[in-house]
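The lines below spell out each chain.
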Amino acid sequence: MYRKFFKRFFDVLLSGCALILLSPVLLIVAVLVRTKLGSPVIFCQERPGKNEKIFKMYKFRSMTDAPDEVRLTRLGRILRSTSLDELPELWNILRGDMSIVGPRPLLVKYLPLYNEEQRHRHDVRPGLTGLSQAAGDVDMTWERQFQLDVGYADHVTLAGDVKIVILTVKRVLVRNKHDYGGYVREEFRGSEKVER
């Protein structure tokens, strides 16, 4: 019942309330981004959603147009470490592209690289946060992340979602050295075939 009906109800209710309550924060961040990093203020990129349907995901811009080695400024690092750059995704949740909790939407170019097991991460809407993010292990292998993502997609529960949200908040409050933008993850290049 929760997965089929109430999860979407809570997504709409909570994302709508968050957009209203956080509107001053959204405005302040937008002004800072426009002043310090330039325009456009909102970064838009195509990502695969539920059933691999492509949608446009919105985030606050966190880098300038400078060369790669200096693109990520102090403001950009702060936005990323506090996850403030993710706030525009609340609009994606309200629209139905995403959920508050679910596997994080990855790049479209990874779609052909998933094995059959990993593709099941798209059986649910992608999330603002997910089980692999709540784990807080930034050095996690792709295989381990997909294992957690598929495990979540197979067992969506209210208790599980609440736990993931609590762990995510804790992770944001207790930041580690990689949360300041200095860690660049290796691109996913595919895994061996795994039977489900």
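For the structure, check the block above.
Residues numbered from 1 in each chain as written. Predicted model: local features only at pLDDT ≥ 70, side-chain atom pairs only at ≥ 80, totals over all residues. Heavy atoms only, no water.

### Some thoughts on the overall build of the chain
Right, so step 1: Regarding its fold elements, the chain presents 7 helices and 4 strands.
Right, so step 2: Along its sequence from the N terminus, the chain presents helices and strands in the succession α-α-β-β-α-α-β-β-α-α-α.
Right, so step 3: Here the chain holds 196 residues, and the buried ones make up 39% of them.
Right, so step 4: Here the contacts in the chain between residues at least 6 apart in sequence split such that 73% fall between residues at least 24 apart.
Right, so step 5: Carbon together with sulfur atoms contributes 60% to the accessible area of the chain, which is approximately 11500 Å² in total. (Helix = DSSP H or I, 4+ residues; strand = E, 2+ residues; numbered from the N terminus. Buried < 20%, exposed > 50% of the residue type's maximum accessible area, 1.4 Å probe, protein only. Contact = heavy atoms within 4.5 Å. Areas by Shrake-Rupley, 256 points an atom, 1.4 Å probe, with all protein chains shown as cover.)

### Quick look at the nonpolar core
Right, so step 1: Core analysis: the biggest nonpolar cluster contains 24 residues, and Val33, Phe60, Leu79 and Tyr152 have the highest contact counts within it.
Right, so step 2: Elements with a contribution of two residues or more to this core: helix H1 (2-21), helix H2 (23-36), strand S2 (54-60), helix H3 (74-81), helix H4 (89-95), strand S3 (99-101) and helix H6 (142-154).
Right, so step 3: Setting aside chain neighbours within four positions, we find Leu79 in contact with Val29, Val33, Leu37, Arg61, Leu84 and Asp85.
Right, so step 4: Formed by 7 residues, the second largest nonpolar core is a distinct cluster that contains Tyr110, Leu111, Tyr114 and Phe188. (Core = buried A, V, L, I, M, F, W, Y, C linked by side-chain atoms within 4.5 Å.)

### Observations regarding unusual backbone geometry
Right, so step 1: The amide bond that connects Ser39 to the next residue, Pro40, takes the cis arrangement and shows omega of 0°.
Right, so step 2: Inspection of the secondary structure puts Pro40 in the loop between H2 and strand S1 (42-48).
Right, so step 3: Its identity as a non-glycine residue notwithstanding, Asn51 has a phi of 60°, on the positive side.
Right, so step 4: Mapped onto the elements of the fold, Asn51 is located in the loop between S1 and S2.
Right, so step 5: Assessed through its relative accessible area of 60%, Asn51 is described here as exposed.
Right, so step 6: One non-glycine residue, Glu52, lies in positive phi territory at about 65°.
Right, so step 7: Checked against the element boundaries, Glu52 lands in the loop between S1 and S2.

### Describing the packing of H1 against H2
Right, so step 1: Here H1 crosses H2 at 60°, and the two axes come no closer than 4 Å. Here H1 is positioned oblique relative to H2, judged by the angle of their axes. For the pair formed by H1 and H2, the contact residues are Ala18, Leu19, Ile20 and Leu21 on the first element and Ser23, Pro24 and Leu26 on the second.
Right, so step 2: In terms of residue class, the contact of H1 with H2 is built from 6 nonpolar, 1 polar and no charged. (Axes fitted to C-alpha atoms, helices over the stretch in contact; angles between N-to-C directions. Parallel < 35°, antiparallel > 145°, perpendicular 65-115°, else oblique. Nonpolar A, V, L, I, M, F, W, Y, C, P; charged D, E, K, R; others polar.)

### With respect to H2
An α-helical turn contains 3.6 residues, so a residue and the one three or four places further along point in the same direction.
Right, so step 1: With 14 residues, H2 should reach 20 Å at 1.5 Å per residue; the first-to-last C-alpha distance of 20 Å fits that figure.
Right, so step 2: Within H2, the full set of buried residues consists of Leu26, Val29 and Val33. Along H2, the residues classed as buried sweep out an arc of 70° about the axis, all on the same side. Set apart from the buried face of H2 by more than 90 degrees, the exposed residues are Leu27, Ile28 and Thr35.
Right, so step 3: Where the residues of H2 are buried, they touch H1, S2 and H3.
Right, so step 4: Backbone geometry just downstream of H2 places Gly38 in the positive-phi region, at approximately 100°. (Expected span 1.5 Å × (residues − 1). Arc of directions from axis to C-beta.)

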